[in-house]
Amino acid sequence: MSDQLRSHKNVIDSNHDKTHVPETETILSVTGMTCAACVNGIEKHVGGMAGISSIKVDLMTAQAIVRHSGLYMSTNGLREAIEDMGFDAMIISSKLLSKSEKSDGSTTDAVLGDHPVDSWFTVEGMTCGSCVAVVTSILAALPGVISADVQLLTAQASVKHLPCKIGVREIADALGDGGFQGTSLGIDEDAEMASDPSAIALKNLQKHRRTAAIQFGWSLLFAIPMLIIAMIIDMALPKSNPVAQKFHYKVFKSYSVSVICIFFIATAAQISLGWYFYKHAYKSLVRAKAANMDVLIALGTTAAYVGSIISVTMQRGAGEQFFETAVFLMTFVLLGRWLESIAKGRTVSAVEALVKMQPNDALLVRTLGNTGETLETISARQIQLGDLLQVNNGMRVPCDGVVTMGQTDVDEALLTGESVPVVKTQGSVVTGGTLNLSQSIRMRATAINGSSTLSRIVKLVREAQSNKPRIQEVADRVASRFVPFVVLASLIVLIAWVSAGAAGHIKHQWLESKKMGTSHSMGDDTSDPEKPMAYGIFALLNAISVLVIACPCALGLAAPTAIMVGTGMAARFGILVKGGGATMEAASSIDTVAFDKTGTLTMGKPAVVDCHVDQALLVQIPGFKAWLNAGIFALESLSSHPLANALSAYIHENGANASTDSVKVAPHLIDPKELPGRGMQATIRISTETALALGWPAHVMQAQLLIGKDEWVKEEGCVIEIPPRTRAQWADSGYTPVAIALKPTGHELKDGGRTVAAFALSDQVRPEARDVVARLRKRGIDVWMISGDHPSAANAIARILGIDNVMAGVLPEQKSETIRLLQQRGCDKKPNMTTAVAGKFGLRWLPSFLNFSSSRRRPYARVAMVGDGVNDAPALAQADVGIAVGSGTAAAMETAPVLLMRPSLYSLLTFLDLSTTVFRRVKLNFVWASMYNIVCIPIAAGILYPVINRGLPPVIAGLLMIASSLTVMASSLSLKLYRERKY
């Protein structure tokens, strides 16, 4: 099937731009991958098929995320293509991507329930095809149901519907009314077989772990008898021992009992255990056109097994044999894979812990007409939008919602990483998975299943753990070419030692050293150099050692394991690293941090501290202040900007003191608009009296109400009429001025508009901001403030915080350009530890490449942007690392690859410190994995024979290969010992 699809690939690609074909995103669990070569093989093989637009395979989570055209490649076709390569694949989820869906897979409709979801039901009572037709018609007739698929054999129905119009309980009730018993299996936004994708993936990893344990246990059935016969009886027991004599007894005049027993044990192991390696090696080479670790194991064990048969047969039982090498190698490899599966399970524990936070049940409040209410326990996956739920003391909140009754304390460690109780009262937002600590409350469900905050966090963490840093991409390329290199090196070693033996350059002592790990017939000196097979066996054993000691697994695990643990630790500290390894890699070498001001360095809750209203207008127009306040309140209420909220709150709180004169014209807004970085504007009707007082013709009936920056108001042609003394006082105090202006519409007047009022607002600086800035500067990081606020207000805050670099009055579209300029200006290279030590102790003789001068500059600076507002989104996207604070807007949090959930800037320091720690460990892992292969492969080839007269037996080489991978895993798992610094 894959060949036929490939034959149509050119046609599909040529027509791709002509016709829009909806894409499907399928997530599969793929087990059996051992190293980066497996990952590269799957990505190359499947990615080259027709209809595949992208594929991302993650070794640690054992998952593949594929975007494909369902028209040319079905989900079952994907599974079969991966299984044809020798891996076990299972479909976790498959969903059709809508045109409105973002590239990251997120949608805004899903939160409101306007996005179709798939729900699964068991339908009892169906007996024939006509029943299927009846059930299908019942479901299709329901409002909000888009499609229904009823299966008679499985007695199940899949229903695609809109949660905002119909829920799973209503669908089940409709089936019951039709004479069938319908039971909901759950609602699943991603059509994920009515189950959570992360839970399925974790269960599949656990299944793979059990399979690995069974395979290792099965291998012991061969390894233990082989150990007893080959190592204890043949080598440890003296020749006079009765047991040894019986096993050394020769039958068929040539072959001892021990050799025959070992042969049958090795043959059984080679057939049963070796079949797994042969199958995967064949599929890797033939189907995927790539070589992985299974190829090396298959070659090594086959060489040991076949070589032993040839040696023993040609010398009629007196030859060197090493059947146990093949058995022990397979046993050690299976042991290593079992231990690796255990370690991988620990690295994904962060996702597992998040999944377990989702409660299974919920208390639904049902109204029984006039008789009262009742509580019904339902599955959390059966919750519908708008359901009234009760959360008792000690229960976890079943979904996102709003408190409708009661007051309690909630543990939000899920979001912030801190088990600090947060008070929730009527109207407060609660998050699914958080823990109710004190009193019972009632809540209204606002987001369910895949749309909930917890589900999105799980998805973000899962995706972050699969994102590869640049250093891992280099390692993957090396690993993909590693196996052919090792096979070539093994052949060279074989030929070299055979040639050396033929030339008489192999010493008798070297041949004797190979007795470790080999079996011998009683009384035979099989390592006699005069025997024709001695040199060939010696060369073959060295070649096998090279095959089995080489380990691409360690290279492939160096980065993913550390990143997996690092992102999990970050989530525990309330930091969501959506960008995964690539983001943490960039954050580990940040040169510059640029902060937004409002809501980032300040609390984001400014308050009005002073106001000025044109006194002449107050005298000339009765009720002008009340009319103006009503217009300001109506317009600013439409914005979520902190300054707009402050103005609205001020007018609302001071409404009782406003003039009570009748308002001449109701503040009806026409075409209200918000201009990011500038302000708000709307057309508003005015009275003739107001027009005349403003110096306009009497026929002017409408004016533009402008609320925003002084500069913008001036650009609109309005005259600023705030007393200079007032403006100077506001500037000295660092207040943010907001001008209120009226501008005539539809008339070109010489004087244009004019300001009629102005407000001064002040924002409180975050208590930790100054310490955070000081600590960043102590690390050698340049700190900048980029603000759209007035320069006087921005500079006043900068002085308080100790920030020397300030860019104020920057518009949203200019912020991204500012970040680009900061990146292009370069940075001074910081002296490393070697330079510091050299300078302290006067070691000027160090080589120049170790002694970096601080005067040298890097042409590109790595910049992190920290912001929270809509106007920060372009800058967050432009920065090397975009960081959004948790209290920010949805746009900022969607754009930024890092999200700080805690309401504290200290999380920024934790993130930078953790990123540095993680990538130091990644580099350490790479150094170990690289040095291991660089050092051990020559030793296995026999480079130490001329020095110490000994080499490395294949069995010991196999143990070292396992140790290399486990060492990398242990190194990464030690990151769990990381503790957040207390500031």
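Residue positions are counted from 1 within each chain, in the order its sequence is given. Given that this is a predicted model, residues contribute local features only at a pLDDT of at least 70 and side-chain atom pairs are listed and counted only at 80 or more, while totals for whole chains, interfaces and linings are drawn from all residues. The basis for every side-chain value is the complete set of heavy atoms in the structure, and neither hydrogens nor water enter the calculation.

1. Here we look at the overall build of the protein chain
Under the DSSP-based scheme used, a helix requires at least four consecutive residues in state H or I and a strand at least two consecutive residues in state E, with every element numbered from the N terminus. If you tally the helices and strands in the protein chain, you get 38 helices and 35 strands. Should any heavy atoms of two residues lie within 4.5 Å, those residues are considered in contact. In the protein chain, the share of contacts with a sequence separation of at least 24, taken over all contacts with a separation of at least 6, comes to 73%. Note on areas: Shrake-Rupley, 1.4 Å probe, and residue coverage restricted to the protein chains presented here. By element, 58% of the accessible surface of the protein chain is carried by carbon and sulfur atoms, the whole surface being about 42,400 Å².

2. Structural notes on helix H10 (residues 257–272)
The end-to-end C-alpha distance of H10 is 23 Å, a good match for the 22 Å that 16 residues give at a rise of 1.5 Å each. For H10, the complete set of buried residues consists of Ser258, Val259, Ile262, Ile265, Ala266, Thr267, Ala269 and Gln270. One fewer than the residue count of a helix, multiplied by 1.5 Å, yields its expected span. When a residue's accessible area, from a 1.4 Å probe over protein chains only, is under 20% of the maximum for its type it is buried; when over 50% it is exposed; and in between it is partly exposed.

3. Things to note about the sheet that holds strand S13 (residues 388–391)
The strands that make up a sheet pair up through hydrogen bonds in the backbone, lying either parallel or antiparallel. Here a strand pair is declared whenever DSSP counts at least two bridges between the two strands. The antiparallel open sheet is built from six strands, whose spatial order is S12-S11-S13-S19-S14-S17. In this open sheet, the two strands that pair with only one neighbour each are strand S12 (373–379) and strand S17 (429–430). Where strand S11 (residues 361–367) meets S13, two bridges bridge the pair, whose relative direction is antiparallel. Among the inter-strand pairings, leucine 363 is bridged to a residue of S13, identified as glutamine 390.

4. Focus: the sheet that holds strand S15 (residues 408–411)
Taken in spatial order, the three strands line up as S16-S15-S18 in an open sheet, and their pairing is antiparallel. With one partner strand each, in any of the chains shown, strand S16 (421–424) and strand S18 (435–436) form the two edges of the open sheet. The sheet contact formed by S15 and S18 spans two bridges and is antiparallel. Following the sheet pairing, aspartate 411 is matched in S18 by leucine 435.

5. A short note on the nonpolar core
Side-chain atoms within 4.5 Å are what join buried Ala, Val, Leu, Ile, Met, Phe, Trp, Tyr and Cys residues into a set we call a nonpolar core. Counting residues in each nonpolar core, the largest one holds 149 residues, and the members touching the most others are Ile42, Leu776 and Leu908. Top element by residues in this core is helix H36 (residues 906–941). It accounts for 16 residues. Sequence-distant contacts of leucine 776, defined by excluding residues within four places in its chain, comprise Val593, Phe595, Ile781, Val783, Leu908, Leu909 and Leu912. One finds Ile621, Val756, Phe759 and Leu761 within the second-largest nonpolar core, a separate group that totals 32 residues.

6. Examining the pattern of salt bridges
Salt bridge, as applied in this entry: a Lys or Arg side-chain nitrogen positioned within 4 Å of an Asp or Glu carboxyl oxygen. If you walk through the whole model with that rule in mind, you get 17 salt bridges. A salt bridge links glutamate 25 to arginine 67, with the nearest nitrogen and oxygen atoms 3.1 Å apart. Taken together, the residues span a long stretch of sequence, with glutamate 25 in strand S1 (residues 23–31) and arginine 67 in strand S3 (residues 63–69) at a distance of 42 residues. Glutamate 25 sits in the buried class, given a relative accessible area of 11%. Classification of arginine 67 by relative accessible area gives buried; the value is 16%. Note that arginine 777 is salt-bridged to aspartate 804, the shortest N-O span being 3.1 Å.

7. Things to note about the side chain of serine 972
Tracing the backbone shows serine 972 in helix H38 (residues 954–973). Judged by relative accessible area, which is 0%, serine 972 ranks as buried. A distance of 3.0 Å separates the side chain of serine 972 from the side chain of asparagine 925, its partner in a polar contact. Beyond its immediate chain neighbours, meaning those up to four positions away, serine 972 contacts Ala558, Thr561, Ala562, Val565, Arg921 and Asn925. Side-chain atoms alone can form a polar contact between residues adjacent in sequence; in general such a contact is a pair of N or O atoms within 3.5 Å, and within protein one must be able to donate a hydrogen while the other accepts it.

8. As for the packing of helix H25 (residues 624–636) against helix H26 (residues 642–653)
Taken N-terminus to C-terminus, the directions of H25 and H26 make an angle of 140 degrees; their axes are 9 Å apart at the nearest point. By the angle between their axes, H25 is oblique relative to H26. Crossing geometry of H25 relative to H26 is assigned as left-handed. Facing H25, whose interface residues are Asn629, Ile632, Phe633 and Glu636, H26 presents Leu643, Ala644, Leu647, Ser648, Ile651 and His652. Classification used: nonpolar for Ala, Val, Leu, Ile, Met, Phe, Trp, Tyr, Cys and Pro, charged for Asp, Glu, Lys and Arg, polar for all others including Gly. The class makeup of the residues in the contact of H25 with H26 is six nonpolar, three polar and one charged. All axes are obtained by fitting lines to C-alpha atoms, using only the stretch in contact for helices, and the reported angles, taken between N-to-C directions, cover 0 to 180 degrees. An angle below 35 degrees is treated as roughly parallel, one above 145 as roughly antiparallel, one from 65 to 115 as roughly perpendicular, and anything else as oblique. Each crossing gets its handedness from the near helix: less than a right angle anticlockwise from the far helix is left-handed, clockwise is right-handed.

9. A closer look at the environment of valine 927
Within the secondary structure, valine 927 sits in helix H36. In sequence terms valine 927 and leucine 555 are 372 residues apart; their C-alpha atoms lie 9.2 Å from each other.

10. Regarding the environment of leucine 822
Take leucine 822: it is sitting in helix H32 (residues 812–824). For leucine 822, a relative accessible area of 4% gives the class buried. A C-alpha to C-alpha distance of 9.2 Å links leucine 822 and alanine 594, two positions 228 residues apart in sequence. Leaving out residues up to four positions away in the same chain, leucine 822 has contacts with Ala594, Trp784, Ile786, Ala861 and Val863.

11. Focus on the packing of aromatic side chains
Within 6.5 Å between ring centres, the rings of Phe, Tyr and Trp (the latter by its six-membered ring) count as paired, and their orientation is classed by plane angle as stacked under 30 degrees, edge-to-face over 60, tilted in between. The tally for this structure, following the rule as stated, stands at 15 aromatic pairs. Pairing phenylalanine 538 with tyrosine 945 gives two aromatic rings, centres 5.1 Å apart and planes at 55 degrees, and the pair type is tilted. Of this pair, phenylalanine 538 sits in helix H20 (residues 534–549) while tyrosine 945 sits in helix H37 (residues 945–948), and the two are 407 residues apart along the sequence. Tyrosine 945 shares its class with phenylalanine 538; the two are buried. Ring plane angle 55 degrees and centroid distance 6.0 Å describe the contact between phenylalanine 573 and tyrosine 978, whose orientation is recorded as tilted. Here tyrosine 978 lies in the segment after H38 and phenylalanine 573 lies in the loop between helix H21 (552–572) and strand S20 (575–577), a separation of 405 residues in the sequence. Looking at phenylalanine 573, the relative accessible area reads 9%, which means it is buried. One aromatic cluster is present, formed by Phe263, Phe264, Tyr305 and Phe323 through successive ring pairs.

12. A short note on the environment of valine 866
Checked against the element boundaries, valine 866 lands in strand S33 (residues 863–867). On the basis of relative accessibility, which here comes to 0%, the residue valine 866 falls in the buried class. Taking the C-alpha atoms as reference, valine 866 lies 4.9 Å from phenylalanine 595; in sequence the two are 271 residues apart. Excluding residues within four positions of it along the chain, valine 866 makes contact with Val593, Ala594, Phe595, Asp596, Thr600, Ile883, Val885 and Leu908.

13. Observations regarding the side chain of serine 687
As for its placement among the helices and strands, serine 687 is situated in the loop between strand S24 (679–685) and helix H27 (688–693). The class for serine 687 is buried, based on a relative accessible area of 13%. Polar contacts involving the side chain of serine 687 include one to the side chain of threonine 690, which spans 2.8 Å.

14. Digging into the confidence of the model for the protein chain
Residue-level confidence of the predictor is what pLDDT reports, using numbers from 0 through 100. Taken over all residues, the pLDDT of the protein chain has a mean of 77, while the share at 70 or more is 77%. No element of the protein chain has a lower mean pLDDT than helix H33 (residues 833–841), which averages 38, and none a higher one than helix H30 (residues 769–778), which averages 94. Residue range residues 99–113 is modelled with pLDDT below 50. Its contacts to residues more than four positions away, or to other chains, number 35 contacts.

15. Structural notes on a nonpolar patch on the surface
Patch criteria: residues need more than 30% relative accessible area and no salt bridge. Like-charged residues are merged within 9 Å; nonpolar side chains of Val, Leu, Ile, Met, Phe, Trp and Tyr are merged within 5 Å. Taken together, the side chains of Ile224, Leu227, Ile228 and Ile232 present a nonpolar region at the surface, about 330 Å² in accessible area. Among the secondary structure elements, isoleucine 228 is positioned in helix H8 (residues 197–236).

16. So, H30
The periodicity of an α-helix, 3.6 residues per turn, causes residues three or four places apart in sequence to face the same way. For H30, the full list of buried residues reads Ala769, Val772, Val773 and Leu776. One side of H30 carries all its buried residues, which in axial view fall inside an arc of 100 degrees. In this structure, the buried residues of H30 make contact with strand S21 (592–595), helix H23 (597–601), strand S29 (782–786), helix H31 (791–801) and H36. Of the residues one or two after H30, glycine 780 is the one with positive phi, at around 90 degrees. Working definition: the arc comes from the directions between the helix axis and the C-beta atoms, pointing outward to the latter.

17. Describing unusual backbone geometry
At aspartate 671, a residue that is not glycine, the phi angle is positive and equals roughly 55 degrees. On the accessibility criterion, aspartate 671 (49% relative accessible area) is partly exposed. Phi at asparagine 949 is positive, roughly 60 degrees, even though this residue is not glycine. Within the element layout of this structure, asparagine 949 appears in the loop between H37 and H38.

18. Notes on the packing of H10 against helix H12 (residues 293–314)
Across the interface, H10 lies against H12 with an axial gap of 11 Å and an inter-helix angle of 150 degrees. In terms of orientation, H10 lies roughly antiparallel with respect to H12. In this structure, the crossing between H10 and H12 has a hand that is left-handed. Facing Val259, Phe263, Ala266, Thr267 and Gln270 of H10, the residues of H12 in contact are Thr301, Thr302, Tyr305, Ile309 and Val312. For the contact of H10 with H12, the residue count by class is six nonpolar, four polar and no charged.

19. Quick word on the pairing of strand S5 (residues 117–124)
The element S5 is extensively covered by neighbouring structure, given that six of its eight residues are classed as buried. In the sheet, S5 pairs with strand S7 (residues 156–161) via six bridges, with the strands oriented antiparallel. The residue of S7 that forms the bridge with phenylalanine 121 is alanine 157.

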